[in-house]
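Each chain is listed here by its residues.
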Amino acid sequence: MPVTVIVGAQWGDEGKAKVIDLLSKEHGYVVRYQGGHNAGHTVVVGDERYALQLVPSGILYDHVVPVIANGVVVDMPTLFHEIDTLERRGIGCERLVVSSHAHLIFPWHQAWDALHEQDRGDAKIGTTLKGIGPAYADKARRVGIRAGEVLDPVAFADTVRSRAEAESRSLVAAGGEPLDVDDVVARSTELAARLAPHVGDTVNLLHDALAAGQHLLLEGAQATFLDLDHGTYPYVTSSNPTAGGACAGTGLGPRDIDRVVGITKAYTTRVGAGPFPTELLDADGDRLVEIGREFGTVTGRRRRPGWIDCVMLRHAVRLNSLTELALTKLDVLDSFDTVKVCVGYRVDGRRLSGYPDRVELLAQVEPEYVELPGWGRELRSMRRPSELPSAARAFVQLVEAEVGVPIGVVGVGAERDDYLHWAAS
Ligand code: GDP
Ligand code: IMO
Ligand code: MG
């Protein structure tokens, strides 16, 4: 399959990076298409743990060309910190290509993110405070600064200075702190010089690669229900993680995409505010957090835990044209006596036929569960579906039947090789 999209089917942190790492073996290009350093993508290789925010997860393979495409917003300090860290660990990043159309994040975006969150008070979104929303807002109001602009250092410095001066004034007027404009200009121009050799025309690069028979893996960040249009607005991110966003975010056309893999945990988590029908506020939830190590890679925040929700996964199939699912972290449920799968939503006793279109309605739904016996065994070393205890197989079969698309891989541990091919069952 020449072009595959990997998309989170829940609210993020589903284990996308591990699946990307697994599929990278068969792909020449791994391409981030949206989001920015709000993402935290973890790959565990033996004793080494790589937590990536901006650099595509395929970087760990020498044969992969990692691409940051036009739909991404790029924070240069984070990018180069990440590159330096990877290079110290022996992973070369010279091959990284950044689209000339990708927008850059500046310190004023982070300042606005914090100020907006503060102004929202109790209604805050719980953003990562990385400046993602304000950077996309600037893109939409056509005042953003793009990566291609670093190729003219003098004009770039002038633009950054005038934008920083204007933003500093606006921040002060809104009750925030002024920016140290000289410092912002100095740091940005220094990093811009480092970015310049990476900047390229990624649209033609990707189309030419495809024409030459290369396989491309498009790495979604965030997830379907954090999508600006289709997620639980306003408790969403400011980009389109859904598969359609992979076209806008790379310049590939819809007909170029062959395969769309939705990633879901065997349960659900969410970071930040917003409705969450299957949320567990009890001891089971604490156990999911503890066993699944559900703390954010980027912010360290405790993730909110809950049971797996097939109503949202069915909607994710529609929104993304999912061709298959990857089910991760099945091993986290190993020690539960019983496990639950949400198969429907009810409001006032009435079953809803589809995913609610309003967050107010989503906040009211009562999940309808099927409860299954647990399996009480450690799955981590299992590599074939036939090795799984029958109760674990029944769980995967129920999810597959409820969601209605085939499950490809099942994750049974955090390490690179801790998975099995369910499709082989
Ligand atoms: P992403 O943002 O979707 O790439 O996911 P994160 O990296 O933020 O979070 C997923 C976490 O689960 C990481 O710490 C992974 O190492 C870990 N992980 C991925 N797959 C599995 C699995 O099948 N079992 C276990 N126990 N951990 C997994
Ligand atoms: P990965 O790629 C989980 C959440 C934030 C917040 C909302 C908006 O690792 O799955 P933002 O800073 O984007 O404006 O915050 O989105 N969020 C994520 N949650 N995983 C992520 O990325 C996330 N990126 C943003 O917690 O609720
Ligand atoms: Mg993550």
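Everything quoted here is computed from the prediction, not taken from an experiment.

Basis of the calculations
- Residues numbered from 1 in each chain as written.
- Chains lettered and ligands numbered in written order.
- Predicted model: local features only at pLDDT ≥ 70, side-chain atom pairs only at ≥ 80, totals over all residues.
- Heavy atoms only, no water.
- Helix = DSSP H or I, 4+ residues; strand = E, 2+ residues; numbered from the N terminus.
- Expected span 1.5 Å × (residues − 1).
- Buried < 20%, exposed > 50% of the residue type's maximum accessible area, 1.4 Å probe, protein only.
- Arc of directions from axis to C-beta.
- Contact = heavy atoms within 4.5 Å.
- Phe/Tyr/Trp six-rings, centres within 6.5 Å; stacked < 30°, edge-to-face > 60°.
- Lys NZ or Arg CZ within 6 Å of the ring centre and 35° of its normal.
- Pairing = 2+ DSSP bridges.
- Axes fitted to C-alpha atoms, helices over the stretch in contact; angles between N-to-C directions.
- Parallel < 35°, antiparallel > 145°, perpendicular 65-115°, else oblique.
- Left-handed = near helix turned anticlockwise from the far one by under 90°.
- Nonpolar A, V, L, I, M, F, W, Y, C, P; charged D, E, K, R; others polar.
- Donors = N, O, S within 2.8 Å, 3.2 Å for Na, K, Ca; no water.
- Near = heavy atom within 4 Å.
- Polar contact = N/O pair within 3.5 Å; in protein donor to acceptor, adjacent residues only side chain to side chain.
- Areas by Shrake-Rupley, 256 points an atom, 1.4 Å probe, with all protein chains shown as cover.

*Asks:* Whenever I open this one, unusual backbone geometry confuses me. Can you help?
*Replies:* Negative phi is the rule for most residues except glycine; trans is the rule for most peptide bonds. Between tyrosine 233 and the following residue, proline 234, the backbone shows a cis peptide bond with an omega angle of 10°. Positioned with a positive phi, aspartate 13 is a non-glycine residue whose angle comes to about 60°. With respect to the helices and strands, aspartate 13 occurs in the loop between strand E1 (3–8) and helix H1 (16–24). In this structure, serine 321 is a non-glycine residue whose phi angle is positive, near 50°. Within the fold, serine 321 resides in the loop between helix H10 (310–320) and strand E14 (324–328).

*Asks:* When you look at helix H12 (residues 390–403) in this model, what are you seeing that I'm missing?
*Replies:* In an α-helix there are 3.6 residues to a turn, and that puts residues three or four apart on one side. With 14 residues, H12 extends 20 Å from end C-alpha to end C-alpha; this agrees with the ideal 20 Å at 1.5 Å per step. Where H12 is concerned, the buried positions are Ala391, Ala392, Phe395, Val396, Leu398, Val399 and Val403. Viewed end-on, H12 has its buried residues packed into an arc of 155°, placing them on one side of the element. With respect to the buried face of H12, the exposed residues turned more than 90 degrees away are Ser390 and Ala401. Elements in contact with the buried residues of H12: strand E13 (304–309), H10, E14, strand E15 (338–347), strand E17 (366–373) and strand E18 (407–411). Of the residues one or two after H12, glycine 404 is the one with positive phi, at around 90°.

*Asks:* Even after reading the chapter, I still don't get the packing of aromatic side chains, so can you show me in this structure?
*Replies:* Each pair of aromatic rings is reported with the distance of its centres and the angle of its planes. Enumeration over the complete set of coordinates arrives at eight aromatic pairs. Measuring from centroid to centroid gives 6.2 Å for tryptophan 11 and phenylalanine 225, while their planes differ by 65°, and the two rings are edge-to-face. Taken together, the residues span a long stretch of sequence, with tryptophan 11 in the loop between E1 and H1 and phenylalanine 225 in the loop between strand E10 (216–219) and helix H8 (243–248) at a distance of 214 residues. You'll find tryptophan 11 and phenylalanine 225 in the same group, each marked buried. Aromatic pair phenylalanine 106 and tryptophan 108: ring centres 4.7 Å apart, planes at 10°, arrangement stacked. The pair phenylalanine 106 / tryptophan 108 is uniform in exposure class, with both members buried. Each member of the aromatic cluster is reached from another via a ring pair, and the members are Trp11, Phe225, Phe276, Tyr345 and Tyr355. Its end group placed over the ring of tyrosine 50, arginine 89 keeps NZ or CZ at 4.1 Å from the ring centre. Positioned over the ring face of tyrosine 369 is lysine 340, at 5.1 Å from the centre of the ring.

*Asks:* How should the sheet that holds strand E19 (residues 419–421) be read in this particular structure?
*Replies:* Here we have ten strands laid out as an open sheet, ordered E9-E7-E5-E2-E10-E1-E11-E14-E18-E19, and mixed in their pairing. Both outer strands of the open sheet, strand E9 (199–200) and E19, are each paired with one neighbouring strand and no more. Of the strand pairs in this sheet, E1 and E10 are connected by four bridges, and their pairing is parallel. Paired with isoleucine 6 across the bridge in E10 is glutamate 219.

*Asks:* Please clarify how the packing of helix H2 (residues 76–88) against helix H6 (residues 181–195) should be interpreted in this entry.
*Replies:* For any two helices packed against each other, one specifies the crossing angle of their axes together with the interaxial distance. Two elements in contact, H2 and H6, have axes whose closest approach is 10 Å; the angle formed by their N-to-C orientations is 55°. The angle between H2 and H6 falls in the class oblique. When the axes of H2 and H6 are compared, the crossing they make is left-handed. Contacts between H2 and H6 involve Met76, Pro77, Leu79, Phe80, Ile83 and Asp84 from the first element and Ser188, Leu191, Ala192, Arg194 and Leu195 from the second. Broken down by class, the residue content of the contact of H2 with H6 amounts to eight nonpolar, one polar and two charged.

*Asks:* Can you walk me through the coordination of the magnesium ion (ligand 3) in this structure?
*Replies:* The reference angle at a metal is 109.5 degrees if four donors form a tetrahedron and 90 or 180 degrees if six donors form an octahedron. Bound to the magnesium ion (ligand 3) on the protein side are Asp13 (OD) and Gly40 (O), at distances that span 2.0 to 2.2 Å. Of the two residues, aspartate 13 is situated in the loop between E1 and H1 and glycine 40 in the loop between strand E2 (29–32) and strand E3 (41–45); the sequence distance between them amounts to 27 residues. For glycine 40, a relative accessible area of 14% gives the class buried.

*Asks:* Sorry if this is basic, but what is going on with the site of ligand 2 here?
*Replies:* For ligand 2, the set of nearby residues contains 20 residues, the closest of which are Lys16, His41, Thr128, Gln222 and Thr237. Between ligand 2 and histidine 41 there is a distance of 2.7 Å, counted from an oxygen atom to a side-chain nitrogen or oxygen. Contacts to ligand 2 include glutamine 222, whose backbone N or O atom sits 2.8 Å from an oxygen atom. For ligand 2, the accessible surface in isolation is 550 Å², of which the surrounding protein chains cover 98%. Among the residues making up the shell around ligand 2, the classes are represented as seven nonpolar, ten polar and three charged.

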